[in-house]
Amino acid sequence: TTANFVVKGCCDVGTGDLNNATLSTTQTLSGSFHINGTLNISGSGTVVTMSSADVQLNKEAKINVGAGAKLIITGGSYLRTCGSDMWTGIELLASSAEVQLLSKSKIEDAIVAIDAPHNGKVVIDDATLNANYIGLKITGTGVANSSYIGSSAIFSCKNSSNVNANCLKSPH
């Protein structure tokens, strides 16, 4: 017997939502959609581009980028929580995994916005990491990974609706 489950978090249900999904072909995602559960980007040479995307993630949501895969967030894309709790963040699962945050794009409300525990490649240029508990975490051993943080990268903690409020969501 096989049981299939679709995880739905606090995010509204919509067309094009990614719920515990795996993307293993090169593709571009745009428009508004939700991520509930885990989005896995896998396969050597797979490039997933979020361009002009408005992405809301539930509190358990996580994006994993596997060995040899690349996630490009560009064109003013905006990734944030859909509720009052922080989402998990983006994790590079191997040293050959890569994430790029470019062109006025923004990641908000993550526990660790970009986590590269295996010395994966991170490129941030002309983009913002705002209201994340940890904006960027790169660890590991071995050769340099060619990561690049441009001079126009912004790390901030601003609450746009109330400048005097704590900008971090629950549990921080």
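Because the structure is predicted, anything quoted here is derived from the model rather than measured. (Residues numbered from 1 in each chain as written. Predicted model: local features only at pLDDT ≥ 70, side-chain atom pairs only at ≥ 80, totals over all residues. Heavy atoms only, no water.)

Engineer: When you look at the nonpolar core in this model, what are you seeing that I'm missing?
Structural biologist: Counting 36 residues, the largest nonpolar core has Ile35, Met50, Ile63, Leu71, Leu79, Ile90 and Ile107 as the members making the most contacts within it. Sequence-distant contacts of Leu79, defined by excluding residues within four places in its chain, comprise Met50, Val55, Leu57, Ile63, Ile73, Trp87, Ile90, Lys106, Ile107 and Glu108. (Core = buried A, V, L, I, M, F, W, Y, C linked by side-chain atoms within 4.5 Å. Buried < 20%, exposed > 50% of the residue type's maximum accessible area, 1.4 Å probe, protein only. Contact = heavy atoms within 4.5 Å.)

Engineer: So what exactly am I meant to see when it comes to the pattern of salt bridges here?
Structural biologist: When the charged atoms of two side chains lie near each other, side chains of opposite charge can form a pair. Scanning the model with the defined rule gives five salt bridges in all. Note that Lys62 is salt-bridged to Glu91, the shortest N-O span being 2.8 Å. Separated by 29 residues along the polypeptide, Lys62 in strand 4 (residues 62–65) and Glu91 in strand 7 (residues 87–92) bring together distant segments of the chain. For Lys62, a relative accessible area of 22% translates into the label partly exposed. Note that Glu108 is salt-bridged to Lys106, the shortest N-O span being 3.8 Å. What makes Glu108 buried here is its relative accessible area of 10%. Residue Lys106 is classed as partly exposed on the basis of its relative accessible area of 29%. (Salt bridge = Lys/Arg side-chain N within 4 Å of Asp/Glu carboxyl O. Helix = DSSP H or I, 4+ residues; strand = E, 2+ residues; numbered from the N terminus.)

Engineer: I'm lost on the packing of aromatic side chains in this one. Help?
Structural biologist: For any two aromatic rings, the description comes down to two numbers: the centre-to-centre distance and the angle of the planes. Evaluation of the coordinates by the stated rule reveals zero aromatic pairs. The positively charged end of Lys106 is found above the aromatic ring belonging to Tyr78, 5.3 Å away from the centroid. (Phe/Tyr/Trp six-rings, centres within 6.5 Å; stacked < 30°, edge-to-face > 60°. Lys NZ or Arg CZ within 6 Å of the ring centre and 35° of its normal.)

Engineer: It is not clear to me how unusual backbone geometry should be interpreted in this structure. Could you clarify?
Structural biologist: Trans peptide bonds make up the majority, and among non-glycine residues the majority have a negative phi. Although it is not a glycine, Ser52 adopts a positive phi angle of roughly 55°. If you trace the backbone, Ser52 turns up in strand 3 (residues 47–57). A relative accessible area of 47% places Ser52 in the partly exposed class. With a phi close to 55°, Asp126 is a non-glycine residue in the positive phi region.

Engineer: In this structure, what is going on with the environment of Leu18? I would like to understand it.
Structural biologist: Relative to the helices and strands, Leu18 resides in strand 1 (residues 18–23). With relative accessibility at 12%, the residue Leu18 sits in the buried group. As for Leu18 and Thr38, which are separated by 20 residues in sequence, their C-alpha atoms are 8.4 Å apart. Excluding residues within four positions of it along the chain, Leu18 makes contact with Leu29, Phe33, His34, Ile35, Asn36 and Leu39.

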